[in-house]
Amino acid sequence: MQFRPQNGWGQPGSTNSYTTSYTIRATENANIFPEISFQRLGKETESSLTKQELSRQVVIIGSGPAGLTAAIYSARANLNPLLVDAPADHEKQTTPGGQLMITTDVENYPGFSEGIQGPDLMVEFRKQAERFGTEFLEEWITRVDLSERPFKLYTEDKLIKAETLIIASGASAKWLGIPGEAKTPHGFGGNGVSACATCDGPLPHFRNKHLVVVGGGDTAMEEATFLTRYAKRVFVIHRRDKLRASKIMQDKAFRNDKIEFVWNTDVTRIIGTPEQGVTGVHLRNVQTGEERVFDSDGVFIAIGHKPNTHLFKGQLEMDAVGYIKTSGHSTATNIPGVFACGDVQDSVYRQAVTAAGTGCLSAIDAERFLDHLPIALPTGEEVTIEGEHITPDHRVIILPTGEVVPNEPEQPRE
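Our subject in this report is the structure included herewith. Here the structure is a predicted model, which means the values were calculated and not measured.

What counts, and where the lines are drawn
- Residues numbered from 1 in each chain as written.
- Predicted model: local features only at pLDDT ≥ 70, side-chain atom pairs only at ≥ 80, totals over all residues.
- Heavy atoms only, no water.
- Core = buried A, V, L, I, M, F, W, Y, C linked by side-chain atoms within 4.5 Å.
- Buried < 20%, exposed > 50% of the residue type's maximum accessible area, 1.4 Å probe, protein only.
- Helix = DSSP H or I, 4+ residues; strand = E, 2+ residues; numbered from the N terminus.
- Contact = heavy atoms within 4.5 Å.
- Axes fitted to C-alpha atoms, helices over the stretch in contact; angles between N-to-C directions.
- Parallel < 35°, antiparallel > 145°, perpendicular 65-115°, else oblique.
- Left-handed = near helix turned anticlockwise from the far one by under 90°.
- Nonpolar A, V, L, I, M, F, W, Y, C, P; charged D, E, K, R; others polar.
- Pairing = 2+ DSSP bridges.
- Phe/Tyr/Trp six-rings, centres within 6.5 Å; stacked < 30°, edge-to-face > 60°.

A short note on the nonpolar core
- Judged by nonpolar contacts, the single largest core of 35 residues is most densely connected at Ile60, Leu68, Tyr109, Leu121, Phe125, Ile166 and Phe339.
- Looking at this core, the elements with two or more residues in it are strand 2 (52–61), helix 1 (65–76), helix 2 (118–131) and helix 6 (352–370).
- The element that contributes the greatest number of residues to this core is helix 6, accounting for 7 residues.
- Residue contacts for Phe339: discarding those within four places in its chain leaves Thr164, Leu165, Ile166, Ile167, Thr331, Ala332, Thr333, Ser362, Asp365, Ala366, Phe369 and Ile375.
- Val84, Leu153, Leu316 and Ile335 belong to the second largest nonpolar core, which has 24 residues in total.

In structure tokens form, the structure reads like this:
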């Protein structure tokens, strides 16, 4: 048993040393070994012979600012990180690189006095992570098992084992859930309905047209402002009488002559034809109940995002919305060795720079955990990789056996 200092760890940096890694793709078999396992009675098992196995010290889920920053820091610490991200999929609206891949001008990320395009910024993030040896794998993770270490992540044909797991899976666009919003052929999604102005706004279908943006926050203001580059007119429909967006985003939208606002109004249905796509929306005034049809050639839903945490429900502690709960003193979750960063655990700030900051924290937390140093949990106690628990007041250590010992330096023998 090792004494855990009460005021700072005072320990050296990581002593782990691993060979430089490389980039792998879904079709490559780098560092893959056949999985051999024994069935456990009463538990669901998968055929070990049909899975390829990857074992890593650090596995990161997500390739936005948080995930790539975690990759940079853990790779520089010689922890040989594997970053797993979902492939680009228009139907599921997944984009490697995170939300900045669908963002235009980024003016508030430090280091770029003239601003930078979101996709260009993420290219630089990735190049830096690759420079230090991060491995990249684009596959869908179908389920995870966090019941014991190493943690297990399952894809269609792989089993990934992780000594530590950093969750940086970000957030996805929210939808209204109204008729006509679904993907074609069940609605007009992809045929006049979108949740990404940057992706779809420049398309010929939307040029020189009357477009609707639904929402009242920063997302809606950015989408509306961007669309004015191509549209004849943009109508922002908001169910309240004032916006929730930041003042700078509101001012930018109010100053734009091509943007009009429709207040106190809900969009209840999107209408159109398979041949033409969207032709209009049904509106309802929330104060008077009056309903009307509003002509439009396209609808952009911009009502915010939800955290991509469905894989971890029932295993990690979350709030009512689905954001993962982490310690106030670290990015640790309720499961030792699992860390969360970026939008999956931040429901307040949700900025690229704060996501990158928490990605840095997660990498350092994972490194310390692997170096047998205590990590603060959401409960206030600290835990080590050996399973030792240090009470919030730092006075007692509970060993994995259940034995309770005082957290005090050993007195020299006389």
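Considerations on the packing of helix 1 against helix 2
- Where helix 1 contacts helix 2, the two axes come as close as 8 Å, and the packing angle between them is 25 degrees. Classified by the angle between their axes, helix 1 and helix 2 sit roughly parallel to one another. The hand of the helix 1/helix 2 crossing is left-handed. Judged by residue contacts, Pro65, Leu68, Thr69, Ala71 and Ile72 of helix 1 engage Met122, Phe125, Arg126, Gln128 and Ala129 from helix 2.
- For the contact of helix 1 with helix 2, the per-class residue count stands at 7 nonpolar, 2 polar and 1 charged.

Considering the sheet that holds strand 21 (residues 375–376)
- Read from one edge to the other, the open sheet built from 5 strands follows the order 21-22-23-24-25, with strand pairing classed as antiparallel. On the outer flanks of this sheet lie strand 21 and strand 25 (404–406), each paired with one strand and no other.

Things to note about the packing of aromatic side chains
- The tally for this structure, following the rule as stated, stands at 8 aromatic pairs.
- Seen in terms of ring centroids, Tyr109 and Phe112 are 6.5 Å apart; in terms of plane orientation they differ by 50 degrees. Their pairing is tilted.
- Overall, Phe112 belongs to the partly exposed group, its relative accessible area being 28%.
- Each ring, one from Phe339 and one from Phe369, has its centre 6.3 Å from the other, and the planes form 75 degrees; the classification is edge-to-face. Here Phe339 is found in strand 20 (residues 338–340), whereas its partner Phe369 is found in helix 6, with 30 residues between them in sequence.

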